[in-house]
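Listed below, chain by chain, are the residues.
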Amino acid sequence: MSASSTRAPRTDGPRRTRRRTLALCALPVVLLFVVALLAPLPYSLAQPGETANVLGRTDGKPVIAIEGARTQGADKGRLLSVTIAATRPEATVRLPDVVRAWFREDRAVMPREAVYPGGGDTEDAEERISEEMEDSQHKAVTAALRQLHRSPEKVRVRLRLGDVGGPSAGLFFALGIVDKLDGDGAGHGLTGGRTVAGTGTIDANGKVGAVGGIPLKTQAARRDGATYFLLPKAQCGEAQAQLPSGLRLVPVGSLQGALDALKEIRTDGKVPSC
C-alpha cells in the first residue's frame, strides 16, 4: 500500500495581502507625522535677553536725562531692566524646534500672539512695540514725578533704552527717575551699591502690572550679577518655577512698594519675599 502525500496550503498570498493592507493603513499616519514635523506652528521661541542699567548710559548717552531740576550724585549700584529675546513674527517654528525648547530651562515656547499681540510682520510688531514703549515711558515719568510731588511742566525727563521695546521697563524707568531726582532722600542712591533687577509695567498712578517671560528674565538678571529681582506680586509663582540660585524674588504692587523694598534692601532690613 503506497503512502499518500499531502501538501501544506500556500500562505504567501494572504500574508502579502495583510502586509499591503497594513502598509496602506500606516501610510496616512506616516504622512500625518511628516506634515506635523514640517508644518509651521503659531508659536515663538524665547530666551533670556539683554539687561540695561537704567542708571547708566546707552550709546554714550544717559538712559535717563533730566532737565529743569538738580539731580543726585551717581548711584554706586545698578538698577537692571531685563528683557527676553524672541523669534521674529514671521519666523518659522516647527515641532522639532518646540520639542527641543521644552527640554531647555533657558528657552521658552510662547504663543506668538502673546509675544506679538495683533499679529502682522516684523515691521508691524516693531511699530506696536515702539508705541508701547513710548506710552510706558510717559506713564513712568508721570508716576515718578507724582511720587516726588514734582511738576512735569518744570522737570523734563528724556528716556533712552536702545532697541528695547514694550511696556515692561516701566517700573524701572520710574525707579531710575526717582533715584536721579531724589535718591534715598538723604543724598544717596536707592540701591545701596547693590545690583537690583526687575520688571513690571506701571501706570500713571504708580500701580505695577504683570509682564511676560518672567522665568527667562530672572535668568538674565542672575547672569548679569543681580541678587534681588523686583516683580509684580501676582507673578511670584511663575517666577519660582525656574528661579536661578542666588536670586531673591521681591514682590511689589506699586512704585511706593518698590521704593519701600529698596530701602529694606540697602539697609539689610526685612526685604519682602515671594
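Rules behind the numbers
- Here, residues in each chain are numbered from 1, in the same order as that chain's written sequence.
- A pLDDT threshold of at least 70 governs which residues receive local features in this predicted model, and a stricter bar of 80 or more applies before side-chain atom pairs are shown or counted, although totals over entire chains, interfaces and linings include all residues.
- Heavy atoms throughout the structure, all of them, feed into the side-chain values; hydrogens and water do not.
- When the sulfur atoms of two cysteines come within 2.5 Å, that pair is taken as a disulfide.
- Secondary structure follows DSSP: runs of H or I at least 4 residues long count as helices, runs of E at least 2 residues long count as strands, and numbering of each begins at the N terminus.
- A simple rule labels every residue: compare its accessible area, found with a 1.4 Å probe on the protein chains alone, to the largest value its type can have, and call it buried under 20%, exposed over 50%, or partly exposed in between.
- Residues enter patches when their relative accessible area tops 30% and they take part in no salt bridge; the joining distance is 9 Å for like charges and 5 Å for the nonpolar side chains Val, Leu, Ile, Met, Phe, Trp and Tyr.
- Only the protein chains shown count as cover for residues, with accessible areas throughout obtained via the Shrake-Rupley method and a probe of 1.4 Å.
- For salt bridges, the criterion is a side-chain nitrogen of Lys or Arg within 4 Å of an Asp or Glu carboxyl oxygen.
- For the purpose of counting charges, residues Lys and Arg are taken to be positive, whereas Asp and Glu are taken to be negative. His and the chain ends are not included.
- Taken as the charge location is NZ of Lys, CZ of Arg, CG of Asp or CD of Glu.
- Contacts were defined at the residue level, with two residues in contact if any of their heavy atoms lie within 4.5 Å.

**Brief notes about the state of the cysteines**
Across all of its chains, the model carries one disulfide by this definition. The partner cysteine of C236 in its disulfide is C274, sulfur to sulfur 1.9 Å. Negative torsions about the S-S bond denote left-handed disulfides, and the value of about -60° found for C236 with C274 makes this one left-handed. You can see C236 sitting in helix α7 (residues 236-240) and its partner C274 sitting in the segment after α8 (255-266), a full 38 residues away along the chain. Residue C236 is classed as buried on the basis of its relative accessible area, which comes to 12%.

**Comments concerning a negative patch on the surface**
Taken together, the side chains of E90, D121, E123, D124, E127, E131, E132 and E134 define an acidic patch exposed on the protein surface. Take D121: its relative accessible area is 37%, and that puts it in the partly exposed class.

**As for the side chain of S44**
Relative to the assigned elements, S44 resides in strand β1 (residues 43-53). Overall, S44 belongs to the buried group, its relative accessible area being 1%. Filtering out sequence-adjacent residues up to four positions away, S44 remains in contact with T87, A108, V109, M110, P111, R112, V115 and Y116.

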